[in-house]
Amino acid sequence: MKTVLLIEDNAANLYLITYMLEKSGLKVISTKEGLEGIKLALEKQPDLIIMDVQLPDINGLEATRRIRLDKRGKDLTIVALTSYAMTGDKQRALDAGCSGYMEKPINPEIFISELSKFLYPEKEK
Amino acid sequence: MDNVSTRNLLLTVLLILSFGLRSQQSAFPIKVGVYNNYPKVYLNENGQVAGIFPEIFQLIASAENWQVEYVPGNWNECLQRLQNQEIDIMVDVALSDDRQKIFDFNNESVLISWGTIYTKSRPNINSVLDLSDKNIAVMKNSILTTGQDGIYNLVQRYEVKCKFIEVDDYEQVFELVRQEKADAGIVNRHFGAAFGKQYGLIKSNFIFLPSQLRFAFPKNSSHSAFLIEKIDKHLTRLENDMNSDYYTILTKYNLYPKKASPLWLMPLLILLCLLTIFFIISSLIMKWRIKQKTLELQTANDDLKREITKHRETLAELEKSREIYRNFVENIPGLVFMYDQSSDGNRLPIITTNRHEEFLGKIIADSIKSDYNNFFNFIIPEDWNKLQKVALTIENTKQNLDFEYRVKLSEDRVKWFRVLGKVKMLEDGKTRWQGVILDVDDRKKIERELELYREQLEKLVECRTIDLEQKTSELEKANQELLEADRLKSIFLASMSHELRTPLNSIIGFTGILLMGMVGDLTDEQRYQLDIVKKSASHLLDLINDILDISKIEANKAELACQQFFINDLIHEVIQLLQPKAAEKGINLFYEAAERIDIYSDQRRLKQILINLASNAVKFTEKGNVTFTSEKLKSGEMIITVTDTGKGVKPEDMKKLFEPFQQIDASLTKKQEGTGLGLHLTQKIVTLLNGKITVQSEFGKGTTFRVTLPDLREE
């Protein structure tokens, strides 16, 4: 069973995404804080990290940079949740070391299939 | 000739015989040539030969008992005959060197003669020079005419130009003068004295060629010597005896006073005659010399006159140029000056003008009149000191003087002057100053006024500047506030976007998983209602996104992400995106692409534009087509059109087309979904991409939007 680390501060979204991931048969670890997220990522080595950009303590991009600084975090797959309205967020996400990004708001109809690209990259090829 | 020689021989023999016999008459007559030249020789009223020469010869012939035959002829004929030895003696021949070569002459003179000139009117002939340009009648071959000192040679010698009319005897000479066919006539003194009055002619003072009249004999004649000896012997006797018939004859022809003259009278008379002749010749030469001198003097005089005229002209010109110069100096709108300054500072004016009073007033003008140096005392001391310093510099540098100073005209009047000049060092150590002093008082007045105005203006400008600075700082402050407000707005918008979207995430997300049946099965009613919730949430999301876009563009916060891409691909993408909706309405989407066109621009923004336009087109078209075209102009600009076959836009509504929240057809509002911001945002984005959007529409037939975009690559 693949493990997904979800770092999201909004409770509603946290619940929504967790619900969708678990319904798809994935194990979900989650936290509402960036620093806690870094710790979990490095320790649990999840198959996928979903990183919200706006977090209460440090923002998602800073958290990503820190994960990438650690050798344990180098090869982790991190997908940023970016906002449509904030032009440049996507590029900033990639620059910070994210593997990819997904736009908020989440469209449940395509969310899981979008995630699959990152979870099963070998399948895509 | 034999005949002649024989006759001569016989005559000689006879003469010698007669000389021996004494009382006997010679058998052959001696031929004597005569011609008409009263009173010396002529034919009297009885046709007999008469005159001084024949009568004297008759005395000799009678004494010698010679038989005489007169052979008459004119002068030339007679001379010819004498030369041919056709006659033995010729009377009345003037002795000359030329003639002595042809003829023999006896040694005693019978008469002394000279040439005289007669004219009709009062003669004005005092020398040969007075014959100039005259027609003169003369006797051919006369000694007076062609002799060595005859008139021909005379006029030639003195270079007198005159015309001669040659005739055969003196009567014709006088006749021509009387008839005024000649201006003057030349005859011997004897003929003149005898006939001058008769012809009404007047003798001039001019006489020439005094000559001794003798008998002439043929040269080489065997008896000429005999005849000469006899004639001379008798003549000597006759001339020495004051009571002889010789003098009787002379007296008869008015050539000798009737009273017996003392013996000494004759030589005295001859002496007087010679003296007279000498004086006449002297005077002639004198006259000629005087004439020459006069001519020279005349020439010199003419030269002098010309010189004088020239001098006068020069003087006149000089006066004229002086006048011009004076006029110039007096009419220059300033005081012209030229003075020499010696080392002790004394100034000696070279040029003066009468305009001092006009410029400097009466007080200074009077003072200058007494001493030119006084002028400088009237310059305001402060200016005078400066001027002296300037003058010293100029003396050293030879620059031009240009200085302005004040002159105190009177107690209450000070005037500004400007002096322009030059200095020149003279050889004697003096300095020559020259130039012009101009009255610049009016200009100075204006300058002072201008200065005042300038100061006022400066004050005004200063006040205004302070106001302006104040306003500027206020504006800056306002601007800062505005910038701050704008920043706050941006922050607000960013926050709002997040805050609004976060709950929307939940709404859309949970509606989505409910509709997907992820939670459980739904009834049709539940599905219908959840569908409305989802659509409303999506609409709200679109609205928020549009507002954010517009706000960002208006706040110049929109960032462009430019890249090179093919417009054809982009249009195909858009068509694909809209295909489901178009198919739903039965509308065909066409793309008429002539060629692949690439452009450097913001692909995402352009896609946004095309989606907006295309979805509008699909939205407002009930049936028909939506057609895309793309074209690249030579300028590098690209034109994209989106044409529909929808309802079109009424002309009066065209203006409102791009206004926010203005859906044209109210009746359509409810039917058509949309934020009401689509075209407004589209126009904003087109402008952001430096492009233009235009619309053409025919109500009821369709609408065409035309977007023109430049290539944004920076050259």
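Only a predicted model underlies this, so the values are computations on that prediction, with no experimental measurement involved. (Residues numbered from 1 in each chain as written. Chains lettered and ligands numbered in written order. Predicted model: local features only at pLDDT ≥ 70, side-chain atom pairs only at ≥ 80, totals over all residues. Heavy atoms only, no water.)

### Examining the packing of aromatic side chains
All names here are of chain B.
- With the rule as written, the count across this model stands at 29 aromatic pairs over all chains.
- With a centroid separation of 4.5 Å and an interplanar angle of 70 degrees, the aromatic rings of Tyr38 and Tyr42 are classed as edge-to-face.
- We classify Tyr38 as partly exposed; its relative accessible area is 25%.
- Here Tyr42 falls in the buried class, since its relative accessible area comes to 15%.
- With a centroid separation of 5.6 Å and 55 degrees between ring planes, the pair formed by Tyr339 and Tyr372 is classed as tilted. Here Tyr339, found in strand 12 (residues 335-341), pairs with Tyr372, found in the loop between helix 12 (356-370) and helix 13 (381-397); they are 33 residues apart in sequence, far enough to count as distant.
- Through a chain of ring-to-ring contacts, three or more aromatic side chains come together here, namely Tyr38, Tyr42, Tyr118, Tyr170, Phe174, Phe191, Phe195, Tyr199 and Tyr253.
- The lysine or arginine in question, Arg596, covers the ring of Phe566, its NZ or CZ lying 4.1 Å from the ring centre. (Phe/Tyr/Trp six-rings, centres within 6.5 Å; stacked < 30°, edge-to-face > 60°. Buried < 20%, exposed > 50% of the residue type's maximum accessible area, 1.4 Å probe, protein only. Helix = DSSP H or I, 4+ residues; strand = E, 2+ residues; numbered from the N terminus. Lys NZ or Arg CZ within 6 Å of the ring centre and 35° of its normal.)

### Overview of the interface of chain A and chain B
- If you look at the interface, chain A gives 19 residues, while chain B gives 25 residues.
- Linking chain A with chain B are one salt bridge, by the criterion used here.
- Here chain A and chain B share two residue pairs in polar contact (both at pLDDT 80 or more) between them.
- Those elements giving two or more residues to the side of chain A that touches chain B turn out to be helix 1 (11-23) and helix 5 (108-119) of chain A.
- A total of seven residues in the side of chain A that touches chain B trace back to one element, the largest contributor, which is helix 1 of chain A.
- Here the side of chain A that touches chain B is built from residues that sort into 11 nonpolar, five polar and three charged. (Contact = heavy atoms within 4.5 Å. Salt bridge = Lys/Arg side-chain N within 4 Å of Asp/Glu carboxyl O. Polar contact = N/O pair within 3.5 Å; in protein donor to acceptor, adjacent residues only side chain to side chain. Nonpolar A, V, L, I, M, F, W, Y, C, P; charged D, E, K, R; others polar.)

### A closer look at the packing of helix 1 of chain A against helix 5 of chain A
Residues and elements named next belong to chain A.
- Where helix 1 meets helix 5, the closest approach of the two axes is 11 Å, and the angle between their N-to-C directions is 60 degrees. The orientation of helix 1 relative to helix 5 falls into the category oblique. Crossing hand, helix 1 versus helix 5: right-handed. Mapping the contact onto sequence places Ile17, Met20 and Leu21 in helix 1 and Pro108, Phe111, Ile112 and Leu115 in helix 5.
- Here the contact of helix 1 with helix 5 is built from residues that sort into seven nonpolar, no polar and no charged. (Axes fitted to C-alpha atoms, helices over the stretch in contact; angles between N-to-C directions. Parallel < 35°, antiparallel > 145°, perpendicular 65-115°, else oblique. Left-handed = near helix turned anticlockwise from the far one by under 90°.)

### Quick look at unusual backbone geometry
Residue and element names in this part refer to chain B.
- Residue Pro39 is bonded to the preceding Tyr38 through a cis peptide linkage, with omega at 0 degrees.
- Positive phi is not limited to glycine here, since Asn141 has a value of about 65 degrees.
- Assignment of secondary structure puts Asn141 in the loop between strand 8 (135-139) and helix 5 (143-146).
- Relative accessible area serves as the criterion here: at 38%, Asn141 is assigned to the partly exposed category.

### A look at the nonpolar core
All names here are of chain B.
- Met90 and Phe215 are the most contacted members of the largest nonpolar core, which totals 80 residues.
- Among the elements that take part in this core, strand 11 (residues 202-218) stands out by supplying seven residues, more than any other.
- Discounting residues that sit within four places of it in the chain, Met90 has contacts with Gly33, Val34, Tyr35, Trp75, Cys78, Leu82, Arg214, Phe215 and Ala216.
- Within the second largest apolar cluster, 43 residues are counted, among which are Ala617, Phe628, Leu681 and Val695. (Core = buried A, V, L, I, M, F, W, Y, C linked by side-chain atoms within 4.5 Å.)

### Details of the pairing of strand 13 (residues 347-351) of chain B
Residue and element names in this part refer to chain B.
- As judged from the four bridges shared by strand 12 and strand 13, these two strands associate in the antiparallel manner. Residue pairing for strand 13: Asp340 is matched across the bridge by Leu348.
- The antiparallel pairing of strand 12 with strand 13 creates a hairpin that spans five residues between the two strands, and Gly345 there sits at a positive phi of about 95 degrees. (Pairing = 2+ DSSP bridges.)

### A few points about the sheet that holds strand 18 (residues 587-593) of chain B
Residue and element names in this part refer to chain B.
- One open sheet accounts for five strands, arranged 18-20-21-23-22; its pairing is mixed. Sheet topology places strand 18 and strand 22 (692-698) at the edges, where each strand pairs with a single neighbour. Strand-to-strand, the axes of this sheet are offset by a mean angle of 15 degrees, without reference to chain direction.
- Here seven bridges tie strand 20 (residues 624-632) to strand 21 (residues 638-644), and the two strands are oriented antiparallel to one another.

### Notes on helix 19 (residues 678-688) of chain B
Residues and elements named next belong to chain B.
- Looking at helix 19, one finds that the buried residues are Gly678, Leu679, His680, Leu681, Thr682, Ile685 and Val686.
- Of the surrounding secondary structure, the elements contacted by the buried residues of helix 19 are helix 15 (524-554), helix 17 (603-619), strand 22 and strand 23 (702-709).
- Directly beyond the C-terminal end of helix 19, a positive phi value near 65 degrees is found at Asn690.

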